[in-house]
Amino acid sequence: MKKLFLSILALLAMFVFVGCAKDKGNEYDKIPDTMVADSYDIAFVTDIGQLKDKSFNQGTWEGVKKYAYDNGKSYKYYQPANGDAATDDDRFDAMKAAVDGGAKIVVCAGFMQYNALARAAKTFADVKFVFIDGWTFGAANVTAIVFQEEQSGYLAGYAAVKEGYTKLGFSGGGGGTNPACQRFGYGFIQGANDAAKELNIKVDMKYSWLYGAAFSASAELQTMLEGWYSTGTEVVFSCGGSMCKSAFAAAAQNNGKVIGVDVDQSAESSTVITSATKGLREGTIHALKQFFDGKWEEISDKTVNLGAKDNAVGLPTEEASWGFKKFTVKEYEALFAKLQNETVKVDANIGEAGEVEAKTYSNVTLEWVK
């Protein structure tokens, strides 16, 4: 697997600081999801889960819509057939439909798109593809946008413990095989552990991939999380698309709190104290801009890896989103600066499945629920 990582200084000028920027959900909602056109310049092929999942799909789609709307381009989204049970053929068929619909560039979200995307890139060599949360594989018409989720997870874990929470939970999507969710979770443990060391306290954390394979809400997931809350868990980091709906419901029933993911989810539930975000919108917009500005060669067959240095991960700090009373925005900004200058480094090596969970941590007692 070929991975060429870029650090593009120009990104600094275009990425709004995730930790300080107000969530623009209403702004993006004003741009319609559907439009009537003879053909569509830009297409989006969704990952499993809903388009409006308040998370990964939605953040990427809002980037597509925003760029298209601001630049007079036509756009359309395509959802692979069979929903959560979509096959590689279903994904390829969605990509083919996008190309047949006139797409010059197709944005594909999620690592599960790889097999279909590799086939589509070869079949439609004149069409460009953006692989969000993916990688490159020797195809000149493909670029990948990835994020340093471990940094965002670290910030969330650190903040929660500094706020005074010592009973944490992590509920992840993808069944433990999704690299982005794995990085979020691994960073969450490290952040909680570092904050606990500074405070000289111990933290307990439940950690599970159960009921998250499809990134969807379910009665089973809600029941599990209700059990966590009822036995002492104070905060759950819900990391996986529409899974958040189960977390919100479980927390509301048990006076618990939730940490959202991917985008600022504070408007979705009063239980949300913060969200571990990444610049899905901005990363998508960047790739589209490179293509339509005639600069595709700068990102062709390359992976653009975005993190704190690019202001592409973080916690939202506007008043409506900041659910902390003890841990201050000033303290957060000081920690974020340490990530930017690499005074604080977060391990991103997730290893094999279960490897992170099998490790021992100085100040976090990890209970792997499986």
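Look up: the structure comes first, before these words.
Computed from a prediction, not measured in an experiment: that's the story for all the values here.

Q: Break down the packing of helix α3 (residues 56-70) against helix α10 (residues 280-292) for me, citing the residues and quoting the values.
A: Interhelical geometry of α3 versus α10 gives an angle of 40 degrees and a closest axis separation of 7 Å. Crossing handedness for the pair α3 and α10: right-handed. The segment α3 lies against α10, with Phe56, Gly59, Thr60, Glu62, Gly63, Val64, Lys66 and Tyr67 engaging Leu280, Arg281, Thr284, Ile285, Leu288, Lys289 and Phe292.

Q: Which residues make up the sheet that holds strand β13 (residues 313-314), and what are the values?
A: Ordered in space as β13-β11-β10-β9-β7-β8-β14, the seven strands form an open sheet in which the pairing is mixed. Bordering the open sheet on either side are β13 and β14 (364-369), each of which pairs with just one other strand.

Q: Please provide a residue-by-residue account of the nonpolar core, values included.
A: Leu168, Phe188, Met205, Tyr207, Phe237 and Ile259 are the most contacted members of the largest nonpolar core, which has 48 residues in total. Here this core takes eight residues from helix α7 (residues 179-199), the largest share from any one element. Aside from chain neighbours lying at most four places away, what touches Phe237 is Gly153, Gly169, Phe170, Ser171, Phe184, Phe188, Ile259, Gly260, Val261 and Ala276. Tyr75, Phe147, Ile285 and Ala287 belong to the second-largest nonpolar core, a separate cluster that totals 27 residues.

Q: I'd like a description of the packing of aromatic side chains, backed by residues and values.
A: Tallied over the full model, the rule gives 23 aromatic pairs. Summarising the aromatic geometry, the rings of Tyr154 and Tyr158 are spaced 6.2 Å apart at their centres and angled 20 degrees between planes, so their arrangement reads as stacked. You can see Tyr154 and its partner Tyr158 sitting in helix α6 (residues 149-163), four residues apart, about one turn around the helix. Taking relative accessible area as the criterion, Tyr154 reaches 3% and is therefore assigned buried. Take Tyr158: its relative accessible area is 8%, and that puts it in the buried class.

Q: If you had to explain the pattern of salt bridges to someone new, which residues and values would you point to?
A: Applying the stated criterion to the full structure yields 18 salt bridges. Lys278 is the salt-bridge partner of Asp133, the closest N and O atoms lying 2.8 Å from each other. With Asp133 in the loop between β5 (128-132) and β6 (142-147) and Lys278 in strand β11 (residues 272-278), the pair connects residues that are 145 residues apart, well separated along the chain. Of the two residues examined, Asp133 and Lys278, each falls in the buried class. Residue Lys289 is joined to Asp293 by a salt bridge in which the shortest nitrogen-to-oxygen separation is 2.7 Å. The class for Asp293 is partly exposed, based on a relative accessible area of 38%. Among the charged side chains, a salt-bridge network with shared partners connects Asp133, Glu149, Arg183 and Lys278.

Q: Give me the lowdown on the pairing of β11, citing residues and values where you can.
A: Counting buried positions along β11 yields seven of seven residues, so the element is predominantly enclosed. Where strand β10 (residues 257-262) and β11 come together, five bridges link them in parallel fashion. Bridge pairing links Val258 to Val272 in β11. Examined bridge by bridge, β11 and β13 share two bridges and lie antiparallel to one another. Note that in β13 the partner of Thr277 across the bridge is Gly314.

Q: An account of the packing of α6 against α7 is requested, with residue identities and associated values reported.
A: Their axes nearest at 6 Å, the elements α6 and α7 cross at an angle of 35 degrees. Considering only the axes of α6 and α7, their crossing is right-handed. Within the contact of α6 with α7, the residues separate by chemical class into eleven nonpolar, six polar and six charged.

Conventions and cut-offs
- Residues numbered from 1 in each chain as written.
- Predicted model: local features only at pLDDT ≥ 70, side-chain atom pairs only at ≥ 80, totals over all residues.
- Heavy atoms only, no water.
- Axes fitted to C-alpha atoms, helices over the stretch in contact; angles between N-to-C directions.
- Helix = DSSP H or I, 4+ residues; strand = E, 2+ residues; numbered from the N terminus.
- Left-handed = near helix turned anticlockwise from the far one by under 90°.
- Contact = heavy atoms within 4.5 Å.
- Pairing = 2+ DSSP bridges.
- Core = buried A, V, L, I, M, F, W, Y, C linked by side-chain atoms within 4.5 Å.
- Buried < 20%, exposed > 50% of the residue type's maximum accessible area, 1.4 Å probe, protein only.
- Phe/Tyr/Trp six-rings, centres within 6.5 Å; stacked < 30°, edge-to-face > 60°.
- Salt bridge = Lys/Arg side-chain N within 4 Å of Asp/Glu carboxyl O.
- Nonpolar A, V, L, I, M, F, W, Y, C, P; charged D, E, K, R; others polar.

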